[in-house]
Amino acid sequence: MRLYFKPGACSMSSRIVLIELDLAFDAVKVDTDRGVTESGRDYRAINPKGYVPALELADGAVLTENPAILQFLADTHPEAGLAPAHGTLERARLQEWLNFTSSELHKAFGPYFRGQPLEEAEKEQVDIRLARRIGDVEHGLSDGRDFILGNRFTVADAYLFVVLNWSSFIGLNLERWPYVAAYVTRIAARPSARQAMRQEGLVADEVAA
Ligand SMILES: N[C@@H](CCC(=O)N[C@@H](CS)C(=O)NCC(=O)O)C(=O)O
């Protein structure tokens, strides 16, 4: 398998899940602005949408869209329990959170990553929307659950964590949302998340004592 990624981008959620599943994969860095991979291949020939993530399977099939990739990885390795069974309310809850993360939370951060600074008035609006969406996550965690679906890590946590963690890229302090702040710290401490962040250069390599 081959994961097309940008360091720290939403594609890191697929990396976390690949690590959780202990799967061998190649990671290929993409320059989405120029539309090329690190070896100079035309990325649009791989994913015509031009963005990451894309997951290339052993037979050459290419899968895109975070919720699809994450559920595919979980469903093809059911023994790991990273997604509830199809047809259950819990599965619908997983999709509820994956869709929310994709279409609401992820997109709320979008203006910060478009490559040009935000005007003050626009920033105010963007921050209001972002705060509302982070508040939705706070509400979802407010019964003290460890993970977004309850007491078990699922692929929804991988995606939600990666997106919430962008708050540190834009200087947004999560202290206003104590359950969210504790959740990000908790998921960041997971070996898979730590390894993914190390591999993507977000945190330094750990030195053995
Ligand atoms: N709907 C897509 C969105 C993916 C997306 O927004 N990817 C960003 C990184 S987090 C990207 O590659 N942006 C560069 C671009 O759009 O050119 C998905 O869920 O996979």
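Here the structure is shown first, and the text comes after it.
Bear in mind the structure is a predicted one, so any value in this text is a computation, not a measurement.

Asker: Report on the site of the ligand, specifying residues and quantitative values.
Answerer: With respect to spatial proximity, 13 residues lie near the ligand, and among them C10, Y51, V52, E65 and N66 are the closest. At a separation of 2.8 Å, a nitrogen atom of the ligand approaches a polar backbone atom of V52. E65 places a side-chain nitrogen or oxygen 2.6 Å from a nitrogen atom of the ligand. Considered on its own, the ligand offers 510 Å² of accessible surface; in the complex 77% of this is hidden by protein. Cavity membership is defined here by more than half of the atoms lying within 2 Å of grid points; on that basis the ligand lies in the largest pocket. Elements with a contribution of two residues or more to the shell around the ligand: α2 (66-75) and α3 (89-109).

Asker: Hey, could you go over the packing of aromatic side chains for me, with residue numbers and the actual values?
Answerer: Summed over all chains, the structure comprises five aromatic pairs. With centroids separated by 5.6 Å and ring planes inclined at 45°, the aromatic side chains of Y4 and Y43 adopt a geometry described as tilted. Of the two residues, Y4 sits in strand β1 (residues 2-5) while Y43 sits in the loop between β3 (36-37) and β4 (54-56), which places them 39 residues apart along the sequence. For the pair shown, Y4 and Y43 are each scored as buried. Pairwise contacts between aromatic rings join F109, F113 and W166 into one cluster. Its end group placed over the ring of F5, R15 keeps NZ or CZ at 4.6 Å from the ring centre. Its end group placed over the ring of F153, R190 keeps NZ or CZ at 4.0 Å from the ring centre.

Definitions and cut-offs
Residues numbered from 1 in each chain as written. Predicted model: local features only at pLDDT ≥ 70, side-chain atom pairs only at ≥ 80, totals over all residues. Heavy atoms only, no water. Near = heavy atom within 4 Å. Polar contact = N/O pair within 3.5 Å; in protein donor to acceptor, adjacent residues only side chain to side chain. Areas by Shrake-Rupley, 256 points an atom, 1.4 Å probe, with all protein chains shown as cover. 1 Å grid on protein atoms, 1.4 Å probe; cavity = no way out; pocket = protein on both sides within 12 Å on 5 of 7 lines; lining within 4 Å. Sits in = over half its atoms within 2 Å of the grid points. Helix = DSSP H or I, 4+ residues; strand = E, 2+ residues; numbered from the N terminus. Phe/Tyr/Trp six-rings, centres within 6.5 Å; stacked < 30°, edge-to-face > 60°. Buried < 20%, exposed > 50% of the residue type's maximum accessible area, 1.4 Å probe, protein only. Lys NZ or Arg CZ within 6 Å of the ring centre and 35° of its normal.

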